[in-house]
Amino acid sequence: MATKVKCIMQLTSYKFSYYNDILDVIPRKLVQVITPPTTVDGNIGPDAVHLLAIKEGNYGVENCSTVYGFAFVDCAALKFWVVSISDDDTCAALGALLMQESPKEVIYESRGLSREAHKALKKYSFTGSTAVQLSPALSVTDFLDASEVRNMIQSNGYFKGSPNSYINALDGVMHHDVALCALGGLVSHLSRLMLDDILRSGDIVPYQVYQGCLRIDRQTLVNLEIFSNSADGGSSGTLYKYLDNCVTSSGKRLLRSWVCHPLKDVDSINNRLNVVE
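So, here's what we can say about the structure. (Residues numbered from 1 in each chain as written. Predicted model: local features only at pLDDT ≥ 70, side-chain atom pairs only at ≥ 80, totals over all residues. Heavy atoms only, no water.)

Across its full length, the protein chain carries 11 helices and 8 strands. For the protein chain, the exposed area adds up to about 15,300 Å²; of that, 52% sits on carbon and sulfur atoms. (Helix = DSSP H or I, 4+ residues; strand = E, 2+ residues; numbered from the N terminus. Areas by Shrake-Rupley, 256 points an atom, 1.4 Å probe, with all protein chains shown as cover.)

So, about the nonpolar core. Judged by nonpolar contacts, the single largest core of 35 residues is most densely connected at Ile-54, Tyr-68, Phe-70, Ile-85 and Leu-94. Listing elements by their share of this core, those giving two or more residues are strand 3 (50-57), strand 4 (66-74), strand 5 (79-87), helix 2 (92-101), strand 6 (105-109), helix 3 (115-125) and helix 10 (249-260). Ranked by the residues each element gives to this core, the list is headed by helix 2, at 6 residues. When sequence neighbours within four positions are dropped, the list of residues in contact with Ile-85 reads Thr-66, Val-67, Tyr-68, Phe-70, Ala-93, Leu-94 and Val-209. The next biggest cluster of nonpolar side chains, apart from the first, holds 34 residues, and it includes Ala-53, Val-73, Val-149 and Leu-195. (Core = buried A, V, L, I, M, F, W, Y, C linked by side-chain atoms within 4.5 Å. Buried < 20%, exposed > 50% of the residue type's maximum accessible area, 1.4 Å probe, protein only. Contact = heavy atoms within 4.5 Å.)

To continue, consider the state of the cysteines. Covalent bonding between the sulfur atoms of two cysteines defines a disulfide. Under the counting rule described, the total for this entry stands at 0 disulfides. Residue Cys-260 stays outside any disulfide, its sulfur separated by 9.3 Å from that of Cys-213, the closest cysteine. (Disulfide = S-S within 2.5 Å.)

Glancing now at the packing of aromatic side chains. This model, assessed by the stated rule, comprises 5 aromatic pairs. Here the aromatic rings of Phe-72 and Tyr-207 are separated by 5.3 Å at their centres, their planes lie at 80 degrees, and the arrangement is edge-to-face. Taken together, the residues span a long stretch of sequence, with Phe-72 in strand 4 and Tyr-207 in the loop between strand 8 (203-206) and helix 8 (218-223) at a distance of 135 residues. As far as the burial class goes, Phe-72 and Tyr-207 line up, both buried. Seen from their ring centres, Phe-80 and Phe-159 are 5.0 Å apart, and the 90 degrees between their planes marks the pair as edge-to-face. You can see Phe-80 sitting in strand 5 and its partner Phe-159 sitting in the loop between helix 4 (146-156) and helix 5 (166-171), a full 79 residues away along the chain. Just as Phe-80 is buried, Phe-159 falls in that class too. An aromatic cluster of three or more residues is present, and its members are Phe-72, Trp-81 and Tyr-207. In this structure, Arg-256 is placed above the aromatic ring of Phe-227, and the distance from its NZ or CZ to the ring centre is 4.0 Å. (Phe/Tyr/Trp six-rings, centres within 6.5 Å; stacked < 30°, edge-to-face > 60°. Lys NZ or Arg CZ within 6 Å of the ring centre and 35° of its normal.)

Before going further, it helps to spend a moment on the layout of surface pockets. Here the second largest pocket is characterised by a volume of approximately 330 Å³. Lining the second largest pocket are 15 residues; nearest its centre among them are Val-83, Ser-84, Ile-85, Met-174 and Gln-208. When residues in the lining of the second largest pocket are grouped by element, the largest group, 4 residues, is from strand 5. Its residues assigned to classes, the lining of the second largest pocket comprises 8 nonpolar, 6 polar and 1 charged. (1 Å grid on protein atoms, 1.4 Å probe; cavity = no way out; pocket = protein on both sides within 12 Å on 5 of 7 lines; lining within 4 Å. Points joined across faces, edges and corners; volume = space filled by probe spheres on them. Nonpolar A, V, L, I, M, F, W, Y, C, P; charged D, E, K, R; others polar.)

Let's shift gears to the environment of Gly-184. Mapped onto the secondary structure, Gly-184 falls in helix 6 (residues 176-192). Linking Gly-184 and Ala-71, residues 113 residues apart in sequence, is a C-alpha distance of 8.5 Å. Here Gly-184 is in contact with Asp-142, Val-149 and Met-152, once residues within four sequence places are set aside.

Okay, the sheet that holds strand 3 next. The 6 strands lie next to each other as 7-6-3-4-5-8, forming an open sheet whose pairing is mixed. What marks the edges here is a single partner per strand, and that holds for strand 7 (133-137) and strand 8. Here the strands of the sheet are splayed against their neighbours by 20 degrees on average, with no regard to which way each runs. Where strand 6 and strand 7 come together, 5 bridges link them in parallel fashion. Residue pairing in the sheet places Ile-107 in a bridge with Ser-135 of strand 7. Docked against the sheet, helix 2 engages strand 3, strand 4, strand 5 and strand 6, running at close to 155 degrees with respect to strand 5. (Pairing = 2+ DSSP bridges. Axes fitted to C-alpha atoms, helices over the stretch in contact; angles between N-to-C directions.)

Coordinates in, geometry out; function isn't part of it.
Quick look at the structure:
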């Protein structure tokens, strides 16, 4: 199965070439590279297809915690998210985010992740029935410093189509420098695939892993068989499969988000129940 599809554009027509006696070579140009996580056609299905970049850093966090910055994109929806989390050696929050968003490809620094983070990524990649591609990237070319990422975004006019600038999206993110570095890794990858239109038109917003909801880590989601069963990794017999009576793909994605982020405020719960009734 191919993981990359190159889109080639013919620069001149055959008729034009014929009348100019150029019959041997018609010039063509590579205009775009499509991968499974960057598919934008209408046959994606009920699951959002996310491409995620992760950056690990230690910015004076107490209790020996590690900071992770994330940036991920749904190319079909032209939407980007940025977030940072503080995690311990168990990588519970890291696993929770991976389970919540279920990315199809994860980009990470080839020499920038700890052994614990590598283990968490590999463990997640074997969870469920869909294979996850883990793609290492070079720090010097993809995961730039925060200041270099700012210059790259501004000089190329990225996120101009977003009602919220990337700076506003980072305002509500703790440790925004590490989140910005992760965004730089994602932007560099998409730019290399010649998907600059998505970068210029995409909307960017902050993401919340646990805020306002019950904390459910990755292991809990696995043990309770919320999305995948322990038999074959499929959805048969899971809570999500039982609850899913949605007709549209967008409704299914919203339901998954609700299951991942169960409310704990009584008024919010009642408001949601009123909506679905």
